[in-house]
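Spelled out, the chains give:
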Amino acid sequence: MAKRPEVVPDILDWYAESARDLPWRAADRTPWGVLVSEFMLQQTPVSRVLRPWSAWLERWPAPAALAAEPAGEAIRAWGRLGYPRRALRLHAAAVAITERHGGEVPDDHEALLALPGVGAYTAAAVASFAFGRRHVVLDTNVRRVLGRVIGATAYPPNHQTATERDLAEQLVPADPARAARWAAASMELGAIVCTARNPACGRCPVADRCAWLAAGRPDNAPPRRGQSYAGTDRQCRGALLAVLRDADEPVVGERLDLAWPAAVQRERALAGLLADGLVVRVGERYALP
DNA sequence: TAACCGTGGAG
DNA sequence: TCTCCAAGGTT
């Protein structure tokens, strides 16, 4: 892949005009608000996050407020956002921030990375968006954009490669504030123009230099094989947890039997939920932690 | 490292 | 209807 750093200024200019007005980008945003948004946005579209994010920050405007409540409250407030383990980890992160960092979201990558549920991407994103630090912020959007503009491939590989990181690092502006804007801009381009399906090349600020467009937008091998969902343990777990989320009190096992009739799978899923700490046993009944 | 972990909207 | 996809992390 050739170096094409000259695309950076044009994408930054495009972002200055075209950025969506998202609440976690507002001038009055807090590091905690940014952190919450990053947890909620993991594998989840912006449109579904907007409402829960606002309700979450209204109820828990600081990490200590969330840390003071049982984890089950976080799981309940998470609602149907999906991957409820994120709610559990966000609660655990709030506890860790309260205990280890005096209730303030840490501003450096290493400390962020040590928090539950925070990986390389989220640590870089929070350090960048909340604190203006310079980091390589390489999410699925950026990988797709760079893969197309530079690499002429429709979809990036299933797993991040060293080549991708090297290229991304070369593009990050030296100035931290500019680097933070680049992180947001490159993600935004992938999110609203250089989309996975039906990309809007006509509105792309670097269409004239896109290797993929120049090559006639070739389709490469399917990027990933999603496992089918219906009938999986994941769907079963979701059905069981929904019962507990909507219940005010611990429920008896028969209630769960109704939610998922297949006994063997239901017991396996319930055991998994208990092991994950998403469900607790209360005598003969079950509840959120 | 490959597999697992939810949910709902778009095409 | 059904497949794909959405700001990943953990084991």
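Residues numbered from 1 in each chain as written. Chains lettered and ligands numbered in written order. Predicted model: local features only at pLDDT ≥ 70, side-chain atom pairs only at ≥ 80, totals over all residues. Heavy atoms only, no water.

A. Expanded view of the protein's contact with DNA strand B. Close to DNA strand B lie 19 residues, the nearest being Arg48, Arg80, Pro84, Arg85 and Arg237. Sugar plus phosphate: this is where 63% of the atoms of DNA strand B within 4 Å of the protein reside. Between DNA strand B and Arg48, the relevant distance is 2.6 Å, taken from a base oxygen to a side-chain nitrogen or oxygen of the residue. Within the side chain of Arg85, an N or O atom sits 2.6 Å from a sugar or linking oxygen of DNA strand B. (Near = heavy atom within 4 Å. Polar contact = N/O pair within 3.5 Å; in protein donor to acceptor, adjacent residues only side chain to side chain.)

B. Unusual backbone geometry, seen in detail. Of note, Gln43 is a non-glycine position whose phi angle comes to about 65°, a positive value. Residue placement: Gln43 occurs in the loop between helix 2 (31-41) and helix 3 (46-59). The exposure class of Gln43 is exposed, given its relative accessible area of 70%. Not every positive phi belongs to a glycine, and Tyr83 is a case in point at roughly 45°. Taking the relative accessible area as the measure of exposure, Tyr83 reaches 42% and is therefore partly exposed. (Helix = DSSP H or I, 4+ residues; strand = E, 2+ residues; numbered from the N terminus. Buried < 20%, exposed > 50% of the residue type's maximum accessible area, 1.4 Å probe, protein only.)

C. Representation of the protein's contact with DNA strand C. Around DNA strand C sit 26 residues in total, of which Trp24, Leu41, Gly119, Thr122 and Asn141 are the nearest. For DNA strand C, the backbone makes up 64% of the atoms found within 4 Å of the protein, where backbone means sugar plus phosphate. Thr122 is positioned with one of its side-chain polar atoms (N or O) 2.6 Å from a phosphate oxygen of DNA strand C. The contact in question runs from a base oxygen of DNA strand C to an N or O atom on the side chain of Arg197, over 3.2 Å. Mapped by element, the contributors of at least two residues to the surface near DNA strand C are helix 2, helix 6 (85-100), helix 8 (120-131), helix 9 (140-149) and helix 11 (176-192). By residue class, the composition of the surface near DNA strand C is 11 nonpolar, seven polar and eight charged. (Nonpolar A, V, L, I, M, F, W, Y, C, P; charged D, E, K, R; others polar.)

D. Layout of the packing of aromatic side chains. Tallied over the full model, the rule gives three aromatic pairs. For the pair Trp24 and Trp53, a centre-to-centre distance of 5.6 Å together with 70° between the ring planes defines the contact as edge-to-face. Of this pair, Trp24 sits in the loop between helix 1 (7-18) and helix 2 while Trp53 sits in helix 3, and the two are 29 residues apart along the sequence. The same class applies to Trp24 and to Trp53, which are both buried. Relative to Trp78, the ring of Trp56 has its centre 5.8 Å away and its plane inclined at 85°; by these criteria the two rings are edge-to-face. With Trp56 in helix 3 and Trp78 in helix 5 (residues 71-78), this pair connects stretches of sequence that are 22 residues apart. The class of Trp78 is buried, set by a relative accessible area of 2%. The rings of Trp56, Trp60 and Trp78 are connected pair by pair, giving a single aromatic cluster. (Phe/Tyr/Trp six-rings, centres within 6.5 Å; stacked < 30°, edge-to-face > 60°.)

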